[in-house]
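Commentary on secondary and tertiary structure
So you can see what is in the structure, the chains are spelled out below.
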Amino acid sequence: GQESKDMDKKYVERACKRYLAQLLGIIVVLFVICESVMTLGIVGDITMPLTVSWIFMLTVGFVVSLIWKKVAISSPESLPTFFTAVSGFRMLLALFTLFGCYIAVGRDNMGEYLIIFMVFYLVSLAHHAMFFARINNKK
């Protein structure tokens, strides 16, 4: 009844906060690794590709978590459709973001953007998949 619905709502809200906390932790770790690699002189100045990448990861993760929370509470039967839509939407946003970088910096400077962005993108994809697979297996 209503009690289990409230319990589900509390569970979803806690899961959403956990997702965001993990996302922030992952971003900080990736950021520190990139900054260290830059400080050690292994790569040149990657400040802009790093900034674009962490802002993309944080923004997409934040929006996804809020929409997931709303869908999980109001219509959990729609979650499979939500996950499919998120995958396509994230990829389109990534392509648009990289295209914007391409226009801004030109072809010769895209290498570092592609590498750093793809690391952030793939890590966020892995986090998303593992986190929600665990949540769906618990239900």
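Overview of the structure. Predicted model only: the values in this text are computed from it and were never measured.

This next bit is on the nonpolar core. In globular proteins that are soluble, nonpolar side chains generally tend to be buried together. W68, L79, F82 and F120 are the most contacted members of the largest nonpolar core, which totals 36 residues. Residue assignment for this core shows that the elements contributing at least two residues are helix 1 (2-39), helix 2 (47-74), helix 3 (79-105) and helix 4 (110-138). Here this core takes 11 residues from helix 1, the largest share from any one element. Non-local contacts of F82, meaning those with residues more than four positions away in its chain, are made with V64, I67, W68 and V71.

Before going further, it helps to examine the side chain of H127. Mapped onto the secondary structure, H127 falls in helix 4. Relative accessible area serves as the criterion here: at 8%, H127 is assigned to the buried category.

This part is about a nonpolar patch on the surface. Residues L114, I115, M118, V119, L122 and L125 make up a contiguous nonpolar surface patch of about 500 Å² in total accessible area. Within the fold, L125 resides in helix 4. Relative accessible area serves as the criterion here: at 30%, L125 is assigned to the partly exposed category.

This next bit is on the packing of helix 2 against helix 3. In contact at an axis separation of 11 Å, helix 2 and helix 3 are set at 160° when each is read in the N-to-C sense. Classified by the angle between their axes, helix 2 and helix 3 sit roughly antiparallel to one another. Like other packed secondary-structure pairs, helix 2 and helix 3 cross with a definite hand, here right-handed. Residues V52, F56, V60, V64, I67, W68, V71 and A72 of helix 2 lie in contact with helix 3, whose contacting residues are L79, F82, F83, V86, R90, L93, A94, T97 and C101. Split by residue class, the contact of helix 2 with helix 3 holds 15 nonpolar, one polar and one charged.

With that settled, consider empty space enclosed by the protein. Throughout the structure, instances matching the rule amount to one cavity of 30 Å³ or more. When its volume is computed, the largest cavity comes out at roughly 40 Å³. Along its surface, the largest cavity is lined by Y11, R18, F131, R134, I135 and K138. The greatest single-element share of the lining of the largest cavity, amounting to four residues, is contributed by helix 4. Grouping the amino acids of the lining of the largest cavity by side-chain chemistry returns three nonpolar, no polar and three charged.

Conventions used here
- Residues numbered from 1 in each chain as written.
- Predicted model: local features only at pLDDT ≥ 70, side-chain atom pairs only at ≥ 80, totals over all residues.
- Heavy atoms only, no water.
- Core = buried A, V, L, I, M, F, W, Y, C linked by side-chain atoms within 4.5 Å.
- Buried < 20%, exposed > 50% of the residue type's maximum accessible area, 1.4 Å probe, protein only.
- Helix = DSSP H or I, 4+ residues; strand = E, 2+ residues; numbered from the N terminus.
- Contact = heavy atoms within 4.5 Å.
- Patch = residues over 30% accessible without salt bridge, like charges linked within 9 Å, V, L, I, M, F, W, Y side chains within 5 Å.
- Areas by Shrake-Rupley, 256 points an atom, 1.4 Å probe, with all protein chains shown as cover.
- Salt bridge = Lys/Arg side-chain N within 4 Å of Asp/Glu carboxyl O.
- Axes fitted to C-alpha atoms, helices over the stretch in contact; angles between N-to-C directions.
- Parallel < 35°, antiparallel > 145°, perpendicular 65-115°, else oblique.
- Left-handed = near helix turned anticlockwise from the far one by under 90°.
- Nonpolar A, V, L, I, M, F, W, Y, C, P; charged D, E, K, R; others polar.
- 1 Å grid on protein atoms, 1.4 Å probe; cavity = no way out; pocket = protein on both sides within 12 Å on 5 of 7 lines; lining within 4 Å.
- Points joined across faces, edges and corners; volume = space filled by probe spheres on them.

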